[in-house]
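Below, each chain spelled out in residue letters.
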Amino acid sequence: MDVGIVGATGYGGADLIRIVQNHPMVHNLQLYSSSHAGESIQDSFPHFQRLSRTELKEIDPISMGESLDVVFMATPAGISSELTPKLLAEGLRVIDLSGDFRIKDSEIYEAWYKKKPASTKWIEQSVYGLTEWAKEDVKEARLLANPGCYPTATLLGLLPLVQQSLVEEGSIIIDAKTGVSGAGRGLSAASHFSETNENLKIYKVNQHQHTPEIEQELARWNRRVEPVTFSPHLVPMTRGIMATIYAKVSESTTEEKLRRIFQDSYQRAPFVSVRKPGNFPATKEVYGANQCDIGISFDERTGRITIVSVIDNLMKGAAGQAIQNLNVMFGLEETAGLDFLPVYP
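As a starting point, this report considers the structure included with it. (Residues numbered from 1 in each chain as written. Predicted model: local features only at pLDDT ≥ 70, side-chain atom pairs only at ≥ 80, totals over all residues. Heavy atoms only, no water.)

**Regarding the overall build of the protein**
The helix and strand tally for the protein stands at twelve helices and 14 strands. A globule of 345 residues ought to have a C-alpha radius of gyration of about 20 Å, and the protein, at 20 Å, matches this closely. Along the longest, intermediate and shortest principal axes, the C-alpha atoms of the protein span 60 × 45 × 40 Å. Summed over all atoms, the accessible surface of the protein reaches about 15,300 Å², with 48% contributed by carbon and sulfur. (Helix = DSSP H or I, 4+ residues; strand = E, 2+ residues; numbered from the N terminus. Rg over C-alpha atoms; globule rule 2.2 N^0.38 Å. Areas by Shrake-Rupley, 256 points an atom, 1.4 Å probe, with all protein chains shown as cover.)

This is how it looks when you write it as C-alpha cells:
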C-alpha cells in the first residue's frame with residue numbers, strides 16, 4: 001500500500017509514522033503538513049533521525065490521488081471536513097482521526113464542537129470505526145471515522161452490557177482521566193507544565209465534545225439508553241486514559257455472569273483483554289500499545305457494576321486503532337504492524 005498522513009507533525013501523526021515504518025504491507029509513506037511544508041519530519045521530531053530524511057509535502061488532492069491508496073487525516077477538528085471530500089473525489093480511501101465525521105447529526109456536531117459540520121452526504125457515508133464492534137462495516141468503508149480516545153475506552157467497557165440491556169439505561173456515569181498528550185502539541189494554560197504538574201483537575205464539565213459521540217454509539221446498540229454523565233479529568237502524565245464507569249444492573253445477576261459476557265464479547269478481539277477477578281488495569285500497563293484492558297467488579301450491596309477500562313490515548317485511542325482499521329479495510333491480518341507489547345515501566 002501507498003499511504004499518506006496529513007497532519008504528520010502532531011502527536012497522533014508521530015505515532016502513525018512509528019507504526020507505519022514497521023508495517024509489512026506499506027510500500028511507500030508520504031507526509032503532508034499545511035504549516036511545515038518543505039521541512040523534514042526530523043525538524044519536528046528529532047527522534048526520527050534513523051529514518052531517511054522525509055520531506056513534508058504540500059497538500060494537493062490531485063497528486064495524492066495519483067500516488068496513494070489511503071490517507072490518514074490526523075488534523076484538528078474542522079479541517080478534515082473541508083479536505084476529505086476532495087481526497088475521496090480522487091478515489092482515495094480516508095481514515096479520519098479528527099472527529100469531523102463521527103457525529104451523524106450535524107446540529108449536534110455544531111452545538112458541541114462549535115464548528116461548521118461536514119457535508120451531510122459524507123457524514124452519512126462515513127463508518128464509525130470502533131473496530132471490535134463494526135468490523136463488517138469497516139471492511140467496506142471508503143471514509144472511516146476513527147473514534148475519539150475517551151469514547152474508545154468507554155464504549156469498549158460498556159457495550160457488552162448495554163447491548164444485552166443488562167444495565168439501567170439512565171444510570172451510566174463515566175469518570176475518566178487522561179494524560180496531557182490528549183490536548184495535542186500546541187501549548188496552552190491547560191497543558192502548561194506548571195499548571196498540570198502535581199495537579200489533578202476536572203475540565204469541560206458536562207460540555208466535553210465526546211459526550212454525544214458516546215451517547216450516539218451506545219444508542220446504536222440499545223435505543224433505550226438515556227444521556228450519560230461524562231466527567232473528564234486531566235492528570236500529570238503524558239499518555240493514557242482510565243475510564244471508570246458506574247452503572248446499576250437491570251436484573252439480578254452475579255459478577256461471574258457479567259464477566260462471562262465480557263469474555264464472550266471479546267474472545268476474538270486481539271487487542272482487548274478482560275482481567276481476572278480482583279485484577280484492575282493501570283494506564284502504564286498499556287503504554288505505547290494498541291491495547292484496551294478491562295477490569296470489572298459487581299457490588300451486590302448496591303446493585304452497581306464498576307468497569308475500569310484503560311487505553312493509551314495516542315494508540316488504541318488514535319493512531320493504533322487507525323492502523324487496526326486500515327488492516328481490516330484492506331483485508332489484512334488485523335494485527336499487522338501492531339503486534340507489539342506495551343512499554344513498561
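Now that the structure has been shown, the text picks up again.
**Points about the layout of surface pockets**
Empty pockets left among the atoms are what a rolling probe the size of a water molecule brings to light. Empty space within the largest pocket amounts to approximately 1,400 Å³. Mapped onto the lining of the largest pocket, the elements with two or more residues apiece are helix H1 (11–20), helix H5 (106–113), helix H8 (149–163) and helix H12 (315–329). Broken down by element, the residue count for the lining of the largest pocket peaks at three residues, all from H1. Split into classes, the residues belonging to the lining of the largest pocket amount to 19 nonpolar, 24 polar and six charged. Considering the residues around the second largest pocket, the lining is formed by 19 residues, among which Tyr11, Ser181, Thr238, Arg239 and Leu314 are closest to the centre. (1 Å grid on protein atoms, 1.4 Å probe; cavity = no way out; pocket = protein on both sides within 12 Å on 5 of 7 lines; lining within 4 Å. Points joined across faces, edges and corners; volume = space filled by probe spheres on them. Nonpolar A, V, L, I, M, F, W, Y, C, P; charged D, E, K, R; others polar.)

**Looking at the sheet that holds strand S5 (residues 93–96)**
Here seven strands make up an open sheet; going across it, the order is S3-S2-S1-S4-S5-S7-S6 and the pairing parallel. Because the sheet does not close on itself, it has two edges, and the strands there are strand S3 (56–57) and strand S6 (127–128). Taken together, the three bridges between S5 and strand S7 (residues 143–145) define a ladder with parallel strand orientation. Following the sheet pairing, isoleucine 95 is matched in S7 by leucine 144. (Pairing = 2+ DSSP bridges.)

**Describing the pairing of strand S14 (residues 304–311)**
Counting buried positions along S14 gives six out of eight residues, so the element sits mostly inside the fold. Summarising the sheet, strand S11 (residues 241–248) and S14 pair through eight bridges and their orientation is antiparallel. Considered in S14, the bridge of tyrosine 246 is made with threonine 306. One ladder, built from eight bridges, connects strand S13 (residues 292–299) with S14; its direction is antiparallel. Bridge assignment links cysteine 292 to a residue of S14, and that residue is isoleucine 311. (Buried < 20%, exposed > 50% of the residue type's maximum accessible area, 1.4 Å probe, protein only.)

**Some words on the side chain of serine 126**
Here serine 126 lies in the loop between helix H6 (120–125) and S6. We classify serine 126 as buried; its relative accessible area is 6%. Reaching out from serine 126, the side chain makes a polar contact with the backbone oxygen of phenylalanine 101 at a distance of 3.0 Å. Apart from residues lying up to four places away in sequence, serine 126 is in contact with Phe101, Lys104 and Leu143. (Polar contact = N/O pair within 3.5 Å; in protein donor to acceptor, adjacent residues only side chain to side chain. Contact = heavy atoms within 4.5 Å.)

**Concerning the environment of glycine 10**
Along the chain, glycine 10 falls in the loop between strand S1 (2–6) and H1. As for glycine 10 and glycine 184, which are separated by 174 residues in sequence, their C-alpha atoms are 6.9 Å apart.

**Description of unusual backbone geometry**
Proline 345 follows tyrosine 344 through a cis peptide bond whose omega is 5°. Take proline 345: it is sitting in the segment after H12. A positive phi angle is found at lysine 114, which is not glycine, with a value near 60°. Inspection of the secondary structure puts lysine 114 in the loop between H5 and H6. Taking relative accessible area as the criterion, lysine 114 reaches 68% and is therefore assigned exposed. Phi at lysine 204 takes a positive value of approximately 45°, unusual for a residue other than glycine.

**Things to note about the packing of aromatic side chains**
Under the defined criterion, the tally for this structure stands at five aromatic pairs. Geometrically, the ring pair formed by tryptophan 133 and tryptophan 221 is edge-to-face, given 5.1 Å between the ring centres and 75° between the ring planes. Of the two residues, tryptophan 133 is situated in the loop between S6 and helix H7 (135–140) and tryptophan 221 in helix H10 (residues 211–221); the sequence distance between them amounts to 88 residues. When the ring of tryptophan 133 is compared with that of tyrosine 266, the centres are 6.1 Å apart and the planes differ by 85°; the resulting orientation is edge-to-face. With tryptophan 133 in the loop between S6 and H7 and tyrosine 266 in the loop between helix H11 (255–265) and strand S12 (272–274), this pair connects stretches of sequence that are 133 residues apart. In terms of burial, tryptophan 133 and tyrosine 266 fall into one category: buried. Members of the aromatic cluster, joined through ring pairs, are Trp133, Trp221 and Tyr266. Stacked on the ring of phenylalanine 330, the Lys or Arg arginine 93 has its end atom at 4.8 Å from the ring centre. (Phe/Tyr/Trp six-rings, centres within 6.5 Å; stacked < 30°, edge-to-face > 60°. Lys NZ or Arg CZ within 6 Å of the ring centre and 35° of its normal.)

**Some words on the nonpolar core**
In terms of nonpolar packing, the biggest core is built from 40 residues, with Leu161, Ile172, Ile174, Leu218, Ile305 and Ile307 touching the most fellow members. For this core, the element with the most residues is H8, which contributes nine residues. Excluding residues that lie within four positions of it along the chain, isoleucine 307 makes contacts with Gly157, Leu158, Leu161, Ala243, Thr244, Ile245, Phe262, Ile294, Gly295 and Ile296. Judged by nonpolar contacts, the second largest core, of 36 residues, contains Phe45, Leu97, Val328 and Met329. (Core = buried A, V, L, I, M, F, W, Y, C linked by side-chain atoms within 4.5 Å.)

**With respect to the sheet that holds S12**
A sheet is described by the order of its strands in space; here seven strands give the open sequence S9-S10-S8-S11-S14-S13-S12, paired in mixed fashion. Lying at the two open borders of the sheet, with one neighbouring strand each, are strand S9 (201–202) and S12.

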